[in-house]
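Read off the chains here:
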Amino acid sequence: MSDSQPQQPSPPPRGGRGDGGGYGPARGPAGGPAAGGSETTTLLLAGARLTDGRTVDVRLGGGRIQEVAAPGSLPARLPARLPARATSAAPAARVDLTGYLLLPAPAEPHAHGDTALTADAEGPVSYGADEVQRRATESALLQLGHGATAVRSHVRIGDAHGLGPMEAVLQARRSLRGLADLTTVAVPRLLTGIAGAAGRAMLRDAVKMGASVIGGCPDLDPDPAGYLRTVLELAGEQGCPVDLHTDGDDPARLTRLAAMARGLRPGVTIGPCGGLSRLPLDAAGPAADALAAAGVGVTCLPQGDCAALERRGLRTAPVRLLRSAGVRVAAGSGALRDAGNPVGRGDPLEAAYLLASQGGLRPAEAYESVSAAAREAMGLPEVRVEAGFPAELLAVRGDRIAGVLSLAYSRIVIHRGRVVARTSAVREYCDSAVAVALDLPRQGRTEPGP
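Keep in mind that this is a model prediction, so the values were computed, not measured.

Conventions we followed
Here, residues in each chain are numbered from 1, in the same order as that chain's written sequence. Since the coordinates come from a predicted model, pLDDT governs what is reported: local features require at least 70, and pairs of side-chain atoms require 80 or more to be given and counted, while whole-chain, interface and lining totals use all residues. Excluded from the side-chain calculation are hydrogens and water; included are all heavy atoms of the structure. For two strands to be treated as a pair, DSSP must find no fewer than two bridges joining them. Secondary structure is summarised from DSSP: a helix means a run of H or I of at least four residues, a strand means a run of E of at least two, and numbering begins at the N terminus for each. Structural elements are reduced to axes, namely lines fitted to C-alpha atoms, with helices fitted over the stretch in contact, and the angle between N-to-C directions of any two is expressed from 0 to 180 degrees. Criterion for a disulfide: a pair of cysteine sulfur atoms within 2.5 Å. A 1.4 Å probe rolled over the protein chains alone gives each residue an accessible area, and that area as a share of the maximum for its type sets the label: buried under 20%, exposed over 50%, partly exposed in between. Salt bridge, as used here: a side-chain nitrogen of Lys or Arg that lies within 4 Å of a carboxyl oxygen of Asp or Glu. A pair of aromatic rings is counted whenever rings of Phe, Tyr or Trp (Trp by its six-membered ring) have centres within 6.5 Å, and the orientation is called stacked for planes under 30 degrees apart, edge-to-face for over 60 and tilted otherwise. Criterion for a charge above a ring: Arg CZ or Lys NZ at most 6 Å from the ring centre, at most 35 degrees from the ring normal. To estimate the expected span of a helix, count its residues, drop one, and scale the result by 1.5 Å. Note on definitions: a residue-residue contact is assigned when non-hydrogen atoms from the two residues lie within 4.5 Å. Roughly parallel covers angles under 35 degrees, roughly antiparallel covers those over 145, roughly perpendicular covers 65 to 115, and oblique covers all other angles. Crossings are sorted by hand: turned counterclockwise from the far helix by less than a right angle, the near helix makes the crossing left-handed, and turned clockwise it makes it right-handed. The classification used treats Ala, Val, Leu, Ile, Met, Phe, Trp, Tyr, Cys and Pro as nonpolar, Asp, Glu, Lys and Arg as charged, and all other residues, Gly among them, as polar.

Undergrad: Before we go on, may I ask you to explain the sheet that holds strand β6 (residues 108-111) in this structure?
TA: Backbone hydrogen bonds hold the strands of a sheet together, and the pairing may be parallel or antiparallel. Taken together, the eight strands give an open sheet; going across it, the order is β6-β7-β8-β9-β10-β11-β12-β13, and neighbouring strands pair in parallel fashion. Two strands lie at the open edges of the sheet, namely β6 and β13 (329-331), each paired on one side alone. The sheet shows a mean angle of 25° between the axes of neighbouring strands, taken without regard to direction. Direction of pairing for strand β9 (residues 213-216) relative to strand β10 (residues 242-246): parallel, over a ladder of three bridges. Its bridge partner being in β10, Ile214 is matched across the sheet by Val242.

Below is the structure:
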């Protein structure tokens, strides 16, 4: 099975919640079971390795992690105290994770589902509702196969296509319930002056339709400051988070944004900010400090820019500088085989790999940028491999994060407590004396496994 054509898992159960990710407001492990999803599903993950080196069994139920214990210590049958709708003393499905590292699942904070998979299109790209829905669905499934159980998709509105792409991506969101959580960001082009009147009206309509985040590209508006003011005022009225595209090459503009965004809840994120890397340190440093003081997060794109901005160079945001200033830095994929990057993979682990290999982060820090930091940027609850936390997990063949980021082939993805995607890879060497003598590693196993 090709990585670019993932096998679709079994149909999801009916139910689920709206565009906010399915768990409601972020809460700690004391919160109750997740709403929607497959609450009656119970799963035992056997023999998983954790990042601290322990090997454990993990039991999932009600969309959450129920217990983490030593291998073989969890009973094969579930106690009656699990969700009321679950059958008392029901057997738990078992997945053997021997040889796998179990991690909090990554999330994708910067996708473009409406333009994804268009790099090879013959002629003009179609923005018909069926085509956009197909692209948004397929790209979300590709990212799910890589491990991203939550995806934030920036959707262009206005121009000749109006709100059609937004409606199509919202329909894709509904079709993906139970498999992945897809949220949408409304991205108008112009918002200021007479020319921006239609954009302002359309942005309000997009929020009414179901867009849960307000976005845009202030760099492309004739009045960037006015654009920012309009977005932040509307977000304050609607109680929506803000997620803006900006190259970040103007420190005065970033400082102004920080001053305007200070105190806005539920928060402001900007990216990809590659232009910050082109600024001298005495200009980039104060801008980073201002963003940190205002609580503005940055989503960088280690795999390259997205098509929403004119390509001004492929440098990634100065992640170490931002982190040292106290800025929350998440990492996204951006373009997925579209005009921004015709070979984009949409793989969070590749983004983490690039941050570790080129961005100066330790492997654990790099993975955190695509998991915990990405989830925080998206307003999703924290995930740890501990009892009480949401069962949003990724199992990757390997024993340490560094190895996983280097050779992340076989993956098992868990969303709301059930397996929703699998990717299996087998590496074998010819039957030669040197291969046997060296005991060369294999990616597959001869016995049945997950």
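Undergrad: Looking at this model, I keep getting lost on the state of the cysteines. Mind explaining?
TA: A covalent bond bridging the sulfur atoms of two cysteines is what the word disulfide describes. According to the stated counting rule, one finds zero disulfides in the structure shown. Cys300 provides the cysteine sulfur closest to Cys273, a residue in no disulfide bond, and the two sulfurs are 9.2 Å apart. With a relative accessible area of 0%, Cys273 lands in the buried category.

Undergrad: Any chance you could explain the pattern of salt bridges here in plain terms?
TA: Once the charged atoms of two side chains with opposite charge are near each other, the side chains can pair. Considering all chains together, one arrives at 18 salt bridges under this definition. Arg174 is the partner of Glu167 in a salt bridge, and the nearest nitrogen-oxygen pair spans 3.0 Å. Given a relative accessible area of 36%, Glu167 falls into the partly exposed group. The class of Arg174 is partly exposed, set by a relative accessible area of 31%. The salt bridge partner of Arg278 is Asp247, with a shortest N-O separation of 2.4 Å. With Arg278 in the loop between β11 (268-272) and α6 (281-294) and Asp247 in the loop between β10 and α5 (251-261), this pair connects stretches of sequence that are 31 residues apart. For Arg278, a relative accessible area of 35% corresponds to the partly exposed category. Among the charged side chains, a network of salt bridges with common partners joins Glu131, Arg134 and Glu138.

Undergrad: Would you explain the packing of aromatic side chains in this entry?
TA: To describe a pair of aromatic rings, one takes the distance between the centres and the angle between the planes. Scanning all chains against the criterion turns up zero aromatic pairs. The ring of Tyr127 carries the charged tip of Arg135 above its face, separated from the ring centre by 5.3 Å.

Undergrad: Where do I start with the pairing of strand β15 (residues 411-415) in this structure?
TA: On a regular strand, each side chain points to the face opposite its neighbour's, so the side chains alternate between the two faces of the sheet. The buried count for β15 comes to five of five residues, which makes it a mostly enclosed element. Of the two faces of β15, the one carrying Arg411, Val413 and His415 and the one carrying Ile412 and Ile414 are both buried. Across four bridges, the pairing between strand β14 (residues 393-397) and β15 is antiparallel. When the bridges of β15 are listed, Val396 appears paired with Arg411. Sheet topology note: the β15/strand β16 (residues 418-423) ladder contains five bridges and is antiparallel. In the sheet register, Ile414 faces β16, and the bridge partner there is Val419. Here β15 folds back onto β16 in antiparallel fashion, the turn holding two residues, of which Arg416 has a positive phi close to 50°.

Undergrad: What should I look at first to understand helix α2 (residues 164-175) in this one?
TA: Side chains three or four residues apart in an α-helix point the same way, a direct result of the helix having 3.6 residues per turn. End to end, α2 covers 17 Å across 12 residues, agreeing with the expected 16 Å (1.5 Å per residue, within 8%). Taken as a whole, α2 has its buried residues at Pro165, Met166, Ala168, Val169, Leu170, Ala172 and Arg173.

Undergrad: Got a minute to help me understand the environment of Val185 in this structure?
TA: With respect to the helices, strands and loops of the structure, Val185 is situated in strand β8 (residues 181-188). Contacts of Val185, omitting those with residues within four sequence positions, involve Arg152, Ser153, His154, Val155, Met166, Val213, Ile214, Gly215 and Asp243.

Undergrad: Before we go on, may I ask you to explain the packing of helix α8 (residues 348-357) against helix α9 (residues 363-370) in this structure?
TA: The interhelical angle for the contact between α8 and α9, taken along N-to-C directions, is 140°, at an axis separation of 8 Å. Classed by the angle they form, the pair α8 and α9 counts as oblique. The way α8 lies across α9 gives a crossing that is right-handed. In this structure, α8 uses Pro348, Leu349, Ala351, Ala352, Leu355 and Ala356 to contact α9, whose residues at the interface are Pro363, Ala366, Tyr367, Ser369 and Val370. Of the residues that constitute the contact of α8 with α9, the class distribution is 10 nonpolar, one polar and no charged.

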